[in-house]
Every structure is written in C-alpha cells, then in structure tokens.
Amino acid sequence: MNALLARFGRKAKPAKNEESYYTAGQLALIKARFKRKTSGVVAAWILGTLVLMGFFAPFFSPADPTIGGADGEYRRGEPQVVFFWDDQGFSLRPFSYSYEKATSKIDLKALAGGGLDALDALTSSGALSSSSQNKFTVDKTQRRYLQFFVQGWEYSLIDLSVAGLDLDIRWDRHLFGVEQGQIHLMGTDEDGKDIFSRTLHAIWVTISIAIVALVVKLVVSLFVGGVSGYFGGRVDTIMMSITEAVRVIPPIPIYLACAVALSQIDLTPIQRYFAIAVVIGALDFATLGRRLRTHILTERNQDYVLAAQLCGSSTWRIIWRHLIPSFTSYIIVDTLINFPYVILAETSLSFLGLGLTEPVNSLGVLLQKAQDPDIQQNMVWQFFPVLVFVVLIMAFVFVGDALRDAADPYSEKK
Amino acid sequence: MMINQRISENLLEIRDLSIDFNTDEGLVRAVDNLSLSIRPGEVMGLVGESGSGKSITAKSIMRLAPGNAIIQHPSQITLNHRGQAVNVLKLRGRDLRLVRGDAVSMIFQEPMASFAPAIPISDQIIQTMQIHLGYDKDQARRAGIELFDRVGIVDPAKRFDQYVFELSGGMRQRAMIAMALSTQPKLLIADEPTTALDVTIQAQVLDLMMELREQLGMAMLFITHDLGVVSKIADNVTVMQRGKVVEAGIADQVLFQPEHPYTRRLLDALPNLDNLPEAPAHTPEPLLSVTDLSISYPTMGSGRKREMYTAVKNISLDLPEGQIIGLVGESGSGKTSLGKAMLGAAPITSGTVEYHHTKKKVKFGAGKAIKRKRLARTAQLVFQDPYSSLNPRMTVRDIIAEPLEAMKLTKSREETDQRVIEVAKRCHIEVEHLRRFPHAFSGGQRQRISIARALVCKPEFIVADESVAALDVSIQAEILKLLKELKDELGLTIMFISHDLSVIANLCDWVCVMKQGELVEQGTVRQIFLAPQQAYTQKLIASIPLLHSSEGRQQRLPDLLQIAEDSVNACQLQGV
C-alpha cells in the first residue's frame, strides 16, 4: 500500500502524524476514518454537487422553471444535445442546433371539400396523435453556441430578508445559455417548461422540506428521549408508552388525514410545504426518541459521569459538558441516515397527490408527473427527475453508511 | 527415524505457528513462530498477559479462531489420535469433530456465557454425548449425572436438569468441566478457567482439576496470566509475550530459576508472605470514622412493593491516617458499596461517615445532606475500569482539570494549567501528553490520568476501587508503586479495595476483610496474612495461589526431568 502511495507521489505517513492522531478531537477522527471508505467519499462528492446545484438552482438553470419562463416555441420538445463537432468541423465552444416545429401537412382544402380519402389520410398520417406534436426539425446549418454567464431572468441568489431584514441578494446571471431562445438540455414538458431547470429547483425544495422535517423531528425526539432517559422511572414508562402508541399507527393514513385537513385551510403552496414538513417531522420522532433515551440511559451510568459527580460538577455541567457531546456525533449520523426516508415521505405524499401539487417544483411532484402514460410513451426525457432522485437517495445512503462506520472513533481502541 | 518416534510420543505438537489478524490497520501479528508440544497426561501451563496471543493459540487448536485470523504458512498443528498423526489445520466439515470434542475439549473463562441460557444443562451434555459417544438418551443421562457427581456437585441428579443461571459461579464452572469431560477427551484446554472466580472457589476448582487429571490421565493445556495458579497445577510452563515464546521449560525451573526478565517481572507481582511490611510503631489517629453504616439498594418493583437489598450491614470502622488500607472480600461482599458510601455515592440507609482531621470537617449519613463540594475536596475515587472512567471526548488536560473547573478552585486558566502540570508530573504523565485524548493511551497510562484527576484538588483521602484489576501484572506493579509513592510523599490515606490478596499483601499497611456485607476481621497485614483469627479469613488466606512446588509435583519431578533429559539427548544425537 505504501509503495502504491509512493508511486503517486505521496509519502507514507510520517511519525509526526501519530501525534496528530493522539491529539485529534472527535471531528478530526471521524473525518480521517470517513476518508478511508472510498464509496463514502465518492458519494459525498456527488451529494455535495447535487445539493450545491440545488441551492443555487437559479444560477445553474438556463431557464425559468415557472410558467413565466416556459418556451412556447418548444413544447413537448426532446432534449437538445450539445455538440463539440459535426460535419462542418470542430468547435471549442459547445453548440446546439436550432429547432423548428414541424408543421403537419394537412390538406385543409381537401378536408373542407369533405373528401373521405383526405380524412383517412389525415388520421393515418398520425398528425392527430400526441406523439407527432413533439416533432421538431433540426436545422443543422444553424448552430447555436453555448454562452457562459449569460444575462437572463432575475432571481434572488440568497434571500435572507426575514423579519424586516433586507438581505435579498438579486442577480440575473446564469451559468450557461444560448444567444437566441433557450436551451433545453433535458427537453421540455407540455407547457414548454425546461425539465433540467425544474429538476434543479426541485432538489432544493425537497431537501429543504427534509431539513425542516428533520429539525422538527430532532427537537421532538430530543425532548421525548432526553426527558425519558434522564428522569427514568415512571416518567419514562408513560412517555415510552405514548411513543410506542405513535409508532404503531401506520404513517400513510395519518398523512391522508393531514392532507385533508390541510386542504380545508386556505394555504399558499409555501405554507402548505412547511405544514407538510412539520407533520412529517412530528410524527417521526418515535424511533430517534427511543434511541436517544437508550443512549442517555447507558451513558448516564458510565463511570466518567460518576467521576464528574464526585469531582463536584453540577448536574447542569454534567449534562452540558459530558452527556451532550457524547451523542452529538450520533445525532448527526442518525439525521443524515434519515434524510432519504424523509425525502421519500415527502415524495410519496406528493406522489399520492396529497402534498405539493403541480406548479410547485419538488421531486415528488415531478415523480408523480412521470407516471402519466402520455409521458411514458411520448416524453421519456421527463424521467430525468427520477434519475436525479435515485442518485440523490443513493448518495445520502452511502454517505450515511460511511459516516455511521466512522462516527464512533472510540470504538476501535478498546 | 528417531524424530518421528519422538513426535508420535507427543499428544499435540504445534510447530512454527504464526497467526496474523486482519484489521483496519493491516495485518497484525498475534502469534509469532510458536512451537509447543504436549505429552499424554502432561499439564502445560501457557502464561502471558492480555494480548500475548495465548487464547488465540488455544482456539486455533480447536479451529475456533475468528474469521479475521489468518494462520500463516508453514504453521503446523499435529494431533496424535489413536496412533495416527492428524493435521489439524487441514480438517474440514465433520472431521472437525475430532478436535472439537472427540480428542480435545475446552473450558472457557466465563461459564455463564459458555452454556446456552435457555436450555437445561442436562440437554446440552446429553446431546454432546449422543453425538460423540453414540450413547442413547438414558445412557447419556446416567453418565452425565455420574460426571456431575464426579466434579463434586452436591445433589447431582437435581442440578443436572437445572438451567445455568440457577447455579452459583463455582458450580457453573464445575458443570462446564463436566461437559468438557463428557466426551472423554485426551486433551483438555482450559482458557483462564478460574480468573472470573473468587479465590476460595478458584482453589476448589483447581483442586478438582488436579484430582481429575490424576484419575483420568488427561493432558491439559492450562492458559492463565497467574503464575501462582500455574505453579499449583502445571508440569511444564511456556511463557508468552507479544506473540512470542520467551521462556519454556519444566515448571519448577521456570518458576524458581527464571532466565528471561519478563518471567521475572511476572514473578515479582506474586505475593511474598515472607516479606510483609512491618506494622508502624504506633497506630495513627483515625482520619475518618464510619459508624453503624448500612447501605441498601432497591432491587425489584417500585413504590410500596419495592424490595431492598442490603449490601452493607452495620459496619463501624476507623481508618488510620496516612496509611494504605486494604479492603478485601469476594464478589458481593459489599466492599465497593462501602467505598462509594465513604464518597457519598451510595444510598446510606443508616449510620454516618465522618472525616476528622481534614481542613474542614465533613460529616454525612442517613438523612443528612452531603456537602458535595466540600467532600469532593477531601475524598476522591480512582475507578476500576480505566476506559469508561475517562470521558473520551475531553483531552487529558481537561479531564484532570475537571475538579478545579467544576468547583472553580482556581482563579485563572494559567493557575489551572499550572496545577494540572504539577499533578501530571507527580503521576509520571508527560506534559506533552496533556493535549492528547484518552484513546491515545493504554490501560496503565489511563489509570495514571485517573489518579491525577483524583489528586488535583489535593484531597486527603482516596478510594481506589479495584484500580489495578483490569491491568496486566507488570503494569499493576507500576501503578502500585505510584500509589505507595503518593502515600509517602503527600501523606495520603488510601483505601484500596481489591479481591486480589496478592496485591493487598504487596501494598497495604492495614487490612479489613468483608464477607456478605459484614466486617469479619481487621488488622495489620502481618496479623491478617500470617495469623488470621477468623475461620473465613483463614480460608481466604489459604486459598491464595502462592508460588510453590507441591509435594505431589516434587514426586513427579524426577521422572519428568528424566524425560526432558532424554529428549535433550535425542536432540543432541540428531545434531539438532
């Protein structure tokens, strides 16, 4: 192994590193151990890229994903491929071609004349079937070169204008675009909205729902688990009975009930979005709460807690300096591992049509759309969000997995 | 030709055994080029500290080594079975039963964990006999009860059908031995069979094993870290250190004329009753007095139905100032509860604890609130487990400084650092190591940190609760030396709680003996070890595995010497 590293210009770990291992804190140890697992590191890079692209979705998107940015000229259009070279030669700057909607050759005169033959010809030509509506002719003579940092629709890069604070940083530059019209890397939907841009925007919507849900979940489970574990006895028995009761209720009917309740109240999509996150989070506390309780129960009986008591530490100091640090890493790992499940919960809600609905971009909404037979037959490129979804979930699972293995750096030296 | 004959004389022959463990850090050598042979009827003692590779050696004889253990070429384990040499490392499938039960049996350290908890012992032994000896059920049952009788279990027919949790510790190990003997093996491997037992029971089990070995003529591979135990039972001894054999030979030779410094170090840790410390000329004033102290713990149920278990019953005791007081007792005798009660960490149901000669007088007891901070500055605890007693998420400096910071005893960070460095030097912790986290240290170093933490707020009294029990003997010696040093230099009073009489004899000035929550006897080390008054103390002292060459062994010695000489001659003839 060392020989291999040496070949790549890296030296075997010098003795000095040993000292850095000994003085390494918890985070440094986790990091070092995490780096040893290649699948985790690769997944972390993919995950980081996806989340970053999601967060700065407007910048990375060539088109406005709302109906306002829909390309009327290119509805139901297939992905526009980007080339570097073609018959006319090589170009350093990638280019696409211009697309022209194929006009169907309908003989209106003959139809107006009432000829049955003409009607036959019309139906058999396929002009009426939806699959022919996304026929575009590619004009290979007219290259459209990709431009970088183009000016486009204005968006807010980072919006921190909460509670009177005016910190909305607005920008109108986008990573790439074309001079005339729009470029649709992944095609468009039936309204002409760019699938690529929609997907990027959807990533962040979905992840932020997951973050809100996980924060709510964490607060509830910390409260339930913490109180139950620290006080024990009768408090523990009662709280754990309630937790178990919540645990056995299947989640989908609860989501259904909540969705009905939410539809009664007049909510904007954004408000509904937060309501869903809170519902998902609040109902999911049982498992983590129970685990935290067990963790506190065992940790509380460790010798070092008794040692701290005998050192004259106050209860507050014991909780703050000794107990809480002992499970922060645990909470971080658990949260990351739970991310995909929360995303799945949101997606399944939207998929059932109970969560967010069409105009909003969320992975669940886009996934729900993909089950339309029209899309399955005629617009397979709308499965792009499914692909992104699968990659995102896998990345979360692999990172979570590697992190779980790395998270207990003290387990190896025993 | 002669070599072949010589091999066939041996029941078990291990040659050049090397085992590596496949770990995250790459291959780690656990056993390095070990050679060992056992003759029929011979007892071989395999001695070493934890991590020396003795258990993995035994397990690989049974082919029970874990999956990440790689047995390297050209290791060889040969078993002489009914006149045929069997290559153990090549056995597969059903053939493995040859070493697992037919010819070799094993006794483990923890009998509770070695029996299936939900199946009666009878079923487990009967099944073993059915498989290996082909007995039918009734036959096996009769043989099993006979075995139970033979290993000294009272009322064997009743005990035979019980579950393992219904038996006491000593009884369990006897049942384990019965099970190991049920297949009539030629070789019995005993992996620390008495380490988890109290000394009195240890003595009984050792006697039983000696007796059985005389009766059945079985060979034994006896693995232990305790040279006292070895001297009682073994004919030949092999000493291992870090996977290597450092010394091997006839027991009396190795034990009385050790050549390797490591063997000598192991021997130094044994109690030496001829060299006990003199009692001080006058008895010092008591530092603290315990009066009519009782301690009870709730066991089952809650509220009114709660049952209480009384761990300590009405103990009155004065601890002399500036001495090391040993508190001895078997497991469950209440010694730890008593120690914790002195620090206000156990539920006192009646009686008081009073510190006399301290800076500020401290008195607490049943119904009297503890002034925690005042007590913390007077008395501190050194724990048994050096791993769980240090917070793994704090640096050594923070751990040692914890009492100062928690009680705000220092005015500035610099002053804290100064105090920490001072106490670290005293406990022989290198100052550069203060930045490190506990995971960088071994058990012995961790225990030094634990001691430094106890000393940093300058207490006058320290309770050391089994503080060296988890350490290897050679490291034990260092920690004990440190405690003695601290007593002499700081005038500390130390209460040392231990089940290990050899440690007590080496360390303490004054000894208290406890049994089932009551104080049986107390006196100077000489009084307790050389002239014990109470029957229980006498029994306890008699069961210490001292280094001795027993009469029985001395009788056997000449012919063993002869055999050894023969083999040396044979080697010389061969020019080996």
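Anyway, here's the lowdown on the structure attached to this text.

What counts, and where the lines are drawn
- Residues numbered from 1 in each chain as written.
- Chains lettered and ligands numbered in written order.
- Predicted model: local features only at pLDDT ≥ 70, side-chain atom pairs only at ≥ 80, totals over all residues.
- Core = buried A, V, L, I, M, F, W, Y, C linked by C-beta atoms within 7 Å.
- Buried ≥ 20, exposed ≤ 12 C-beta atoms within 10 Å, placed from the backbone.
- Contact = placed C-beta atoms within 7 Å.
- Helix = DSSP H or I, 4+ residues; strand = E, 2+ residues; numbered from the N terminus.
- Nonpolar A, V, L, I, M, F, W, Y, C, P; charged D, E, K, R; others polar.
- Expected span 1.5 Å × (residues − 1).
- Arc of directions from axis to C-beta.
- Pairing = 2+ DSSP bridges.
- Axes fitted to C-alpha atoms, helices over the stretch in contact; angles between N-to-C directions.

### Some remarks on the nonpolar core
Ranked by size, the top nonpolar core spans 173 residues in total, and within it B:Leu187, B:Leu221, B:Phe222, B:Ile400, B:Ala452 and B:Phe496 carry the most contacts. Here B:Leu187 is in contact with B:Leu11, B:Leu12, B:Ile38, B:Ala103, B:Val104, B:Ala219 and B:Leu221, once residues within four sequence places are set aside. One finds A:Ile207, A:Leu214, A:Ile276 and A:Val365 within the second-largest nonpolar core, a separate group that totals 52 residues.

### Some points on the interface of chain A and chain B
Interface size is often expressed as the accessible area that is lost when the parts come together. Facing 22 residues of chain A, the contacting portion of chain B comprises 25 residues. Those elements that provide at least two residues to the side of chain A that touches chain B are helix 13 (303-310) and helix 14 (315-351) of chain A. It is helix 13 of chain A that provides the largest number of residues to the side of chain A that touches chain B, a total of six residues. A per-class count over the side of chain A that touches chain B returns ten nonpolar, eight polar and four charged.

### Re helix 15 (residues 413-426) of chain B
All names here are of chain B. Over its 14 residues, helix 15 runs 20 Å from end to end, which matches the ideal 20 Å to within 8%, given 1.5 Å per residue. Residues of helix 15 that are buried: Thr416, Arg419, Val420, Val423 and Ala424. Taken end-on, helix 15 shows its buried residues confined to a sector of 130°, consistent with a single buried face. In this structure, helix 15 carries Glu414, Glu415, Gln418, Glu422 and Lys425 as exposed residues pointing more than 90 degrees from its buried face. On the buried face of helix 15, the contacting elements are helix 14 (396-406) and helix 16 (443-455).

### Observations regarding the sheet that holds strand 17 (residues 379-382) of chain B
All names here are of chain B. The six strands lie next to each other as 17-18-19-14-20-21, forming an open sheet whose pairing is mixed. Because the sheet does not close on itself, it has two edges, and the strands there are strand 17 and strand 21 (518-524). Across the sheet, the mean angle from the axis of one strand to that of its neighbour is 20°, orientation sign disregarded. Examined bridge by bridge, strand 18 (residues 461-465) and strand 19 (residues 493-498) share five bridges and lie parallel to one another.

### With respect to the environment of A:Leu363
Residue and element names in this part refer to chain A. By secondary structure assignment, the location of Leu363 is in helix 15 (residues 363-369). Judged by the 29 C-beta atoms lying within 10 Å of it, Leu363 is buried. Between the C-alpha atoms of Leu363 and Ser350, which are 13 residues apart in sequence, the distance is 8.5 Å. When near neighbours in sequence (up to four residues on either side) are disregarded, Leu363 contacts Ala202, Ile203, Thr206, Thr347, Pro385 and Phe389.

Take it as geometry only, folks, not as evidence of what the structure does.
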